[in-house]
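Coordinate inspection notes
The chain contents come next:
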Amino acid sequence: MGLLTIGSFAKASRLSPKALRLYDELGLLPPARVDPVTGYRLYASEQLEQARLVAWLRRLGMPLARIQHVCTLGATAAAQEIRAFWARVEADTAARRDLTAFLIDHLSWEEPTMSPTAVPLGIRYAALSDKGLVRESNQDTAYAGSHLLAVADGCGGSGASASAAAVGALQRLEADGIPADDLLNVLTDAIDQARRAVHSVAGTGPSPESTGTTLTAMLWTGSRLALVHIGDSRGYLLRDGELFQITHDHTMVQSMVDEGRLSPEEAASHPQRSLLVRALGRGADTTVDMRLHDPRRGDRYLLCSDGLSAVVPAGEIRRVLAETGEPEQAVRELVALANGSGGPDNVSCAIADVAETAGLRQ
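Residues numbered from 1 in each chain as written. Predicted model: local features only at pLDDT ≥ 70, side-chain atom pairs only at ≥ 80, totals over all residues. Heavy atoms only, no water.

Taken residue by residue, a regular strand's side chains alternate between the two faces of the sheet. Buried residues dominate strand β14 (residues 300-304), accounting for 5 of its 5 residues. Here β14 shows two buried faces, one formed by Arg 300, Leu 302 and Cys 304 and the other by Tyr 301 and Leu 303. Both β14 and strand β15 (residues 347-356) contribute to a ladder of 5 bridges, which runs antiparallel. Its bridge partner lying in β15, Leu 302 is registered against Ile 351. (Buried < 20%, exposed > 50% of the residue type's maximum accessible area, 1.4 Å probe, protein only. Helix = DSSP H or I, 4+ residues; strand = E, 2+ residues; numbered from the N terminus. Pairing = 2+ DSSP bridges.)

Shown next as structure tokens:
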């Protein structure tokens, strides 16, 4: 079969002549021959397979530089690269979906009118952090107050300072309060401050690139709860006796579960189950999940580091939350459960009970 003109090749490959000229200039898909007199580009039929691959990858939205890399790989490696690209796309889409839901909820919500019989709600709270039975130091930070609950799990040479800096950046919200009508801007500013605080700590430590922290926090506005989350610390809600995980782990293993490459059972024992794909730190993806929750009287919220969730089954966590009265007692029992399971990691818990303000006592 002879060489194809650019028009014929464009039709066969489903790429436009304009795109083919651009890909030639970039060295991505050069023609087999250029006529020295007319300058016409001519293509070999053997180039159709690569051209069609380029066309499909462009439809996926893959950047040209990455397509160029994929085209240099063998079939197996190329498939792995495409899978990794799409996992990143899905993660970004999920983050935008969460932000979209947050914005819709935030903009469409109206402060309820307080009727004479309406009961104002507040929170009872407690937090506890323990170094566990194996680690020499505690890199976790846990905090609970009248407006803020937070748990952060530091890593790297300055992990303890990083987790404390992240939580400390949010603690100003205790004093300032959180106006419901400006919630998104307040949260965004606080998260930006947390990022800067962690970066500053990492820059003064012995291993800047490996220093970072997870951060899972709940902010009480007086009528709503706002959740911010990054990393593999977790948030749970106990409502009507049922336990719900309300955060999504930002780990490599969870990404593999999301892609169908691992089962949840395999993920639980995977050697890289603690490898983070998002965290606050230098060189990391620092995209934070944000959600809004409408609390009900009787709800119990738990934030915890993976020192609890990785070693204590969800059923046992539910039992303690459901059967233990005061938050102070519940956090102590959860930490004791983690240590009773070997205490291989630092463990931190923060609990908030939603209750009538008239019956609150800290």
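Structure shown, so let's carry the discussion forward.
With that out of the way, let us pick up the sheet that holds strand β2 (residues 33-34). Strand order in the open sheet made by the 3 strands is β1-β3-β2, with antiparallel pairing throughout. Two strands in the sheet have a free side with no partner beyond their single neighbour: β1 (4-5) and β2. Pairing between β2 and strand β3 (residues 41-43): 2 bridges, direction antiparallel. Considered in β3, the bridge of Arg 33 is made with Leu 42.

A few words now on the sheet that holds strand β10 (residues 234-239). The strand order across the open sheet formed by 5 strands is β4-β15-β14-β10-β11, and the pairing between neighbours is antiparallel. A single partner strand is all that each edge strand has here, and the edge strands are β4 (121-130) and β11 (242-245). Averaged over neighbouring strand pairs, the angle between their axes works out to 20° when direction is ignored. Relative to the sheet, helix α12 (residues 327-340) contacts β4, β14 and β15, its axis offset from that of β4 by approximately 30°. (Axes fitted to C-alpha atoms, helices over the stretch in contact; angles between N-to-C directions. Contact = heavy atoms within 4.5 Å.)

What follows deals with the pattern of salt bridges. A complete count under the given rule lists 15 salt bridges for this structure. Across the salt bridge formed by Arg 195 and Asp 192, the nearest N and O atoms sit 2.7 Å from each other. Linking Arg 195 with Asp 192, this pair stays in helix α7 (residues 183-204), spanning 3 residues, or about one helical turn. For Arg 296, the salt bridge is made with Asp 240, and the minimal N-O distance between the two is 3.9 Å. Highlighted residues: Arg 296 in the loop between β13 (289-293) and β14 and Asp 240 in the loop between β10 and β11, separated in sequence by 56 residues. Relative accessible area serves as the criterion here: at 70%, Asp 240 is assigned to the exposed category. If you follow the salt bridges from partner to partner, you end up with Arg 124, Arg 300, Glu 326 and Asp 353 in one network. (Salt bridge = Lys/Arg side-chain N within 4 Å of Asp/Glu carboxyl O.)

On to a nonpolar patch on the surface. A cluster of nonpolar residues, Met 252, Leu 275 and Val 277, forms a patch on the protein surface that exposes about 200 Å² of accessible area. Considering the arrangement of structural elements, one finds Met 252 in helix α8 (residues 252-258). (Patch = residues over 30% accessible without salt bridge, like charges linked within 9 Å, V, L, I, M, F, W, Y side chains within 5 Å. Areas by Shrake-Rupley, 256 points an atom, 1.4 Å probe, with all protein chains shown as cover.)

Below, the discussion takes up the environment of Glu 326. Tracing the backbone through its elements, the reader meets Glu 326 in the loop between α11 (314-323) and α12. Along the chain, Glu 326 and Pro 63 lie 263 residues apart, while their C-alpha atoms are 54 Å from each other.

Take the packing of helix α1 (residues 6-13) against helix α2 (residues 17-25) next. Taken N-terminus to C-terminus, the directions of α1 and α2 make an angle of 100°; their axes are 9 Å apart at the nearest point. Here α2 runs roughly perpendicular to α1, going by the angle between their axes. Facing Ile 6, Phe 9 and Ala 10 of α1, the residues of α2 in contact are Pro 17, Leu 20 and Arg 21. Class assignment for the residues of the contact of α1 with α2 results in 5 nonpolar, no polar and 1 charged. (Parallel < 35°, antiparallel > 145°, perpendicular 65-115°, else oblique. Nonpolar A, V, L, I, M, F, W, Y, C, P; charged D, E, K, R; others polar.)

The backbone of Arg 14 sits at a positive phi, close to 65°, despite the residue not being glycine. Inspection of the secondary structure assignment puts Arg 14 in the loop between α1 and α2. Residues other than glycine seldom take positive phi values, yet Asp 240 does so here, at roughly 55°.

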